[in-house]
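Structure at a glance
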Amino acid sequence: MAIRLNLQNAGLREHELEYARPLAEAANRALHERSGAGSEMLGWLDLPEAYDREEFARIQAAAKRIQEQSEVLVAIGIGGSYLGARAGLEFVKGPFGNQLRNKGAEVYFAGNNLSSAYVQNLFDIIGDRDFSVNVISKSGTTTEPAVAFRLFKARLEEKYGKDGARERIYATTDAHKGALRGLAEEEGYETFVVPDNIGGRFSCLSAVGLLPMAAGGMDIARVMQGCADARTAYSNPKLSENDAMRYASVRYGMLAKGKCTEILASYEPSLTMFGEWYKQLMAESEGKDGKGLFPVSANFTTDLHSIGQFIQDGARSLFETVLWVERSGHDLTVPEDPANVDGLNFAAGMTMQQMNEKAMKGTLLAHVDGGTPNVVITLDRLDDYTFGELVYFFWKSLAVSGYLLGVNPFDQPGVEAYKKNMFALLGKPGFESAKAALEARLQGI
């Protein structure tokens, strides 16, 4: 496997993990027997082996076509409809992947906010260049992506005409129903399927994430191979031989010890968006019934100069899960400076990777000494295979953790609350009765 788990500084004794063993193994068994809460949404569990090969080939063909006909792909979606794909592209290609253009199209993401400035800036980035759109929505009526799709569809039709636009629009949506499915069939867009048995935050290795990743130059066959190997490794029913279950047990133990916040910390900017994906996965899955760890992410060493003080000396309510990349793929060496004005000659001849590693180890020891337990997940490298493996590791860990916590990790009832208020204030049909009461409550705000 390309990833390794180290619990040496996790703040749990071996017998505490042993206490969790029967619970974790029972949770894992419930997943595989499909006897737990939300079992109808376990399509991700066997996805690496059971995915639709015919659709996969169409995704690869569509990605190649996008690369040939467009410099830019705009992927329109929100939540799980964009986070995984963006995380994967930055994981493999780095935060400057669009600018470097070493392979694939530039991929930008829209429909994840309601900012007109954001959309206009994206229009300006595209300029007169050729572009395509992948609109991703199971229903086609989610507000943010629906607004963005109207705007980009109009821009495509203005530039290429209706016939030309339909050749550049790819819809990832429900297989049989919904507004976007109806529009796609009416207009003749090529379509891909959002699986019925996979929730949004588990969907990045379905067509939802695979098309943008492939168009951007990722090797999605290698992604799926990493995911498949992870499925095999993390299906082991024994806690002692299954790192996904061990990590879930540590998270459960941390919560029992009063640690209510988990920080996913990385030392590579390429992992920043992976942290965003992780936050949705954990928060939407576990934040129910007054329970759950609050997930946040940080990028070190950058954030050691901002929230580092709190982590070191603040409320002892958190623990860290550190993503460490063993091989960055680059060996930049600190040069000698005869004047040594910055006092850095002690590091001359060292690579930045070596310095980063010393920073990681020094930070880990300081935080542990300050009362912040650390879990370390080491990645051999940042590539397509490792991305697939790491995604499945977190899927599986989260599912076991949710069952340990006693929640259904596959629904998200709380997400609908803000939508109802927003629809009422916007005057959407069917929500009129609530509008006046909400506007009265907002007086003075």
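Notes on the structure follow. Remember, predicted model here, so these are calculated numbers, not experimental data.

Further remarks concern the overall build of the protein chain. Counting secondary structure elements, the protein chain contains 17 helices and 10 strands. A globule of 445 residues ought to have a C-alpha radius of gyration of about 22 Å, and the protein chain, at 23 Å, matches this closely. If you line up the protein chain on its principal axes, its C-alpha atoms span 60 × 60 × 55 Å. Here the protein chain holds 445 residues, and the buried ones make up 51% of them.

This part is about the sheet that holds strand E8 (residues 294-299). The strand order E1-E10-E9-E7-E8 describes an open sheet built from 5 strands, whose pairing is mixed. Both edges of this open sheet fall to strand E1 (3-6) and E8, since each of them pairs with a single strand only. If you compare each strand with its neighbour and ignore which way they point, the axes differ by 20° on average. Pairing of strand E9 (residues 318-325) with strand E10 (residues 374-379), which is carried by 6 bridges, proceeds in the parallel orientation. Directly across from Thr 321, in E10, lies its bridge partner Val 375.

Another aspect to go through is the environment of Leu 114. Here Leu 114 lies in the loop between strand E3 (106-110) and helix H6 (116-126). Separated by 82 residues in sequence, Leu 114 and His 32 have C-alpha atoms that sit 40 Å apart. Ignoring sequence-local partners within four residues, the contact set of Leu 114 consists of Thr 143, Glu 144, Val 147 and Met 422.

For soluble globular proteins, the rule of thumb is that nonpolar side chains tend to be buried together. Among the nonpolar cores identified, the biggest contains 89 residues, and Trp 44, Leu 205, Phe 274, Trp 277, Phe 387, Phe 394 and Trp 395 are the most heavily contacted of them. In this view, Phe 394 contacts Tyr 247, Leu 264, Phe 274, Trp 277, Tyr 278, Leu 281, Met 282, Leu 323 and Ile 377; residues no more than four positions away in its chain are not counted. Membership of the second largest hydrophobic core comes to 22 residues, among which are Ala 110, Val 119, Phe 131 and Ala 165.

Once that is clear, we can look at the packing of helix H3 (residues 53-69) against helix H9 (residues 207-215). Remark: H3 packs on H9, axes separated minimally by 8 Å, with the N-to-C direction vectors making an angle of 35°. Crossing of H3 against H9: the hand is right-handed. Contacts from Glu 55, Phe 56, Ile 59, Ala 62, Ala 63, Ile 66 and Gln 67 in H3 reach Ala 207, Leu 210, Leu 211, Ala 214 and Ala 215 in H9. Across the contact of H3 with H9, the residue classes break down as 10 nonpolar, 1 polar and 1 charged.

Before going further, it helps to examine the pattern of salt bridges. Applying the stated criterion across every chain, the model contains 31 salt bridges. Arg 58 serves as the salt-bridge partner of Glu 54, at 3.3 Å between the closest nitrogen and oxygen. Of this pair, Glu 54 and Arg 58 both sit in helix H3, 4 residues apart, roughly one helical turn. Here Arg 381 and Asp 380 are joined by a salt bridge, their closest N and O atoms 3.6 Å apart. Take Asp 380: its relative accessible area is 14%, and that puts it in the buried class. Ionic contacts of the salt-bridge type, sharing partners, join the residues Lys 153, Glu 157, Lys 162, Asp 163, Arg 166 and Glu 187 into one network.

Rules and cut-offs
- Residues numbered from 1 in each chain as written.
- Predicted model: local features only at pLDDT ≥ 70, side-chain atom pairs only at ≥ 80, totals over all residues.
- Heavy atoms only, no water.
- Helix = DSSP H or I, 4+ residues; strand = E, 2+ residues; numbered from the N terminus.
- Rg over C-alpha atoms; globule rule 2.2 N^0.38 Å.
- Buried < 20%, exposed > 50% of the residue type's maximum accessible area, 1.4 Å probe, protein only.
- Pairing = 2+ DSSP bridges.
- Axes fitted to C-alpha atoms, helices over the stretch in contact; angles between N-to-C directions.
- Contact = heavy atoms within 4.5 Å.
- Core = buried A, V, L, I, M, F, W, Y, C linked by side-chain atoms within 4.5 Å.
- Left-handed = near helix turned anticlockwise from the far one by under 90°.
- Nonpolar A, V, L, I, M, F, W, Y, C, P; charged D, E, K, R; others polar.
- Salt bridge = Lys/Arg side-chain N within 4 Å of Asp/Glu carboxyl O.

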